[in-house]
Amino acid sequence: MGYDIGVIPGDGIGTAVTEAAIDVLDRAAEIYGFETTWTHYDWGSHRYLESGAMMPADGTDQLSTHDSIFLGAVGHPDIPDHVTLHGLLLPIRKEFDQYVCKRPNVLFEGIESPLRGYDAGEIDFVVYRENTEGEYSDLGGREHVGHQHDFAVQTAGFTRHGTERIVRRAFEAAQERERHLTSVTKSNAQRHSMVFWDDIVERVSDDFPEIDMERLLVDRASMELVRRPEDFDVIVASNLFGDILTDIGAIVTGSLGIAPSANINPEGEFPSLFEPVHGSAPDIAGEGIANPLAAVLSGAMMLEHLEEGEAASALWTAVEAQLAAGDPRTPDLGGDETTDAVVDDLLDRLR
Ligand code: GGG
């Protein structure tokens, strides 16, 4: 069996963590008897600075031939963040209808949560973030720029189709887990789109009577994720709220450096994209100390998606064992080791 993966290392530490993860994934492929071809795309901020575009006009056409896409990070201190994000990552998510953004948050053995009194496994939830519309809809504009009376309009678009399908996928995930689902909105203030979301959740919940369903406003959910993270199992949220909640999820389980994510087109009509939750971290780019574990675990999610379950489990197990051992660790986890040291140790563990 062989897989053809499109790789976009992107910006900052994206290059280092992507190459590190590829070394580990190649070892898993060798052991579990499949081949992986990596086709690199040199797209990102350096390209933008040279040519005015993060990727070529036919970028998504080029990517469409791959089985999956593996991405590092996007963002550069000299370019506004909305330019880098809208120039690369968001068009890919939208064009390939990757409407499920799945982000697991697990407290691993050996990791100390900044929250007191939690042991390994006691925090374990997954966020299903809507990934193609909502607050990330590119609808709006600015008028009278440069004048005193300038203004901006940004519209969040929620379709029944888009909302229902992410909610359904989240209920299905809850069925496979602890059968508890939390839908997060702000329907007290946003009485059009978020009440619409609530209505759809109510209707879909009729098809899943065995799932214990809770609704929380996003402010309360943010607080409860800090106060009682152990009570969460599956969270479903809109694009923006899901993004924010998964940063909270990453930090209560230790570090953004170990938080993976998958942008999935469940129907398989288009390639799905796998990336660490973290960004380009320009402050440590080039220093050799970026944590590659989020990228490695994102790679494991990719292998799971490609139905290489054994190899995916082996990667999770190797990461779990390394974290439990407490060494080597990059600075985000309180250590002083390098990206390479973390990779070498994982390769040894897989051998
Ligand atoms: N590794 C992903 C990355 O670089 N993300 C940057 C970012 O700002 N993402 C925003 C989002 O996921 O909505």
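This one's a predicted model, so the numbers in the text were calculated from it and none came from an experiment. (Residues numbered from 1 in each chain as written. Predicted model: local features only at pLDDT ≥ 70, side-chain atom pairs only at ≥ 80, totals over all residues. Heavy atoms only, no water.)

**Student:** Residue-level account of the packing of helix α1 (residues 14-32) against helix α10 (residues 309-325), with values.
**Tutor:** Packing of α1 against α10 brings their axes to within 10 Å, and their N-to-C directions diverge by 130 degrees. With respect to α10, the element α1 is oriented oblique. Seen from above, α1 lies across α10 with right-handed handedness. From α1, Val24, Leu25, Ala28 and Tyr32 reach across to α10, where they touch Glu310, Ala311, Ala314 and Leu315. When the residues that make up the contact of α1 with α10 are grouped by side-chain class, the tally is seven nonpolar, no polar and one charged. (Axes fitted to C-alpha atoms, helices over the stretch in contact; angles between N-to-C directions. Helix = DSSP H or I, 4+ residues; strand = E, 2+ residues; numbered from the N terminus. Parallel < 35°, antiparallel > 145°, perpendicular 65-115°, else oblique. Left-handed = near helix turned anticlockwise from the far one by under 90°. Contact = heavy atoms within 4.5 Å. Nonpolar A, V, L, I, M, F, W, Y, C, P; charged D, E, K, R; others polar.)

**Student:** An account of the site of the ligand is requested, with residue identities and associated values reported.
**Tutor:** Around the ligand lies a shell of 13 residues, among which Val74, Arg129, Glu275, Pro276 and His278 are the nearest. Residue Gly72 places a main-chain N or O atom 2.8 Å away from a nitrogen atom belonging to the ligand. Within the side chain of Glu275, one N or O atom sits 3.2 Å away from a nitrogen atom of the ligand. Of the domains in this structure, domain 1 (1-98 + 260-351) and domain 2 (124-252) are the two that each give at least three residues to the shell around the ligand. (Near = heavy atom within 4 Å. Polar contact = N/O pair within 3.5 Å; in protein donor to acceptor, adjacent residues only side chain to side chain. Domains from an automatic or database assignment.)

**Student:** Mind laying out the domain arrangement of the protein chain, listing which residues take part and the relevant values?
**Tutor:** Per the domain assignment, the segments of the protein chain are domain 1 (1-98 + 260-351) and domain 2 (124-252). Look at where the C-alpha atoms of domain 1 and domain 2 centre, and you get two points 25 Å apart. Contact residues are listed per partner, giving ten residues for domain 1 and nine residues for domain 2. Buried area between domain 1 and domain 2, both sides added, is near 810 Å², and the carbon and sulfur share of it is 46%. Area buried by domain 1 at its contact with domain 2 is led by Arg93, Lys94 and Asp97, which between them contribute 47% of it. Linking domain 1 with domain 2 are two salt bridges. Its salt-bridge partner being Arg169, residue Glu267 comes within 3.8 Å of it at the nearest N-O pair. If you look at where domain 1 meets domain 2, you find four residue pairs in polar contact (both at pLDDT 80 or more). The dominant element in the side of domain 1 that touches domain 2, judged by the number of residues it contributes, is helix α4 (residues 81-95), at four residues. For the side of domain 1 that touches domain 2, a count of residues per class yields three nonpolar, three polar and four charged. (Buried area = accessible area lost by both parts, 1.4 Å probe. Salt bridge = Lys/Arg side-chain N within 4 Å of Asp/Glu carboxyl O.)

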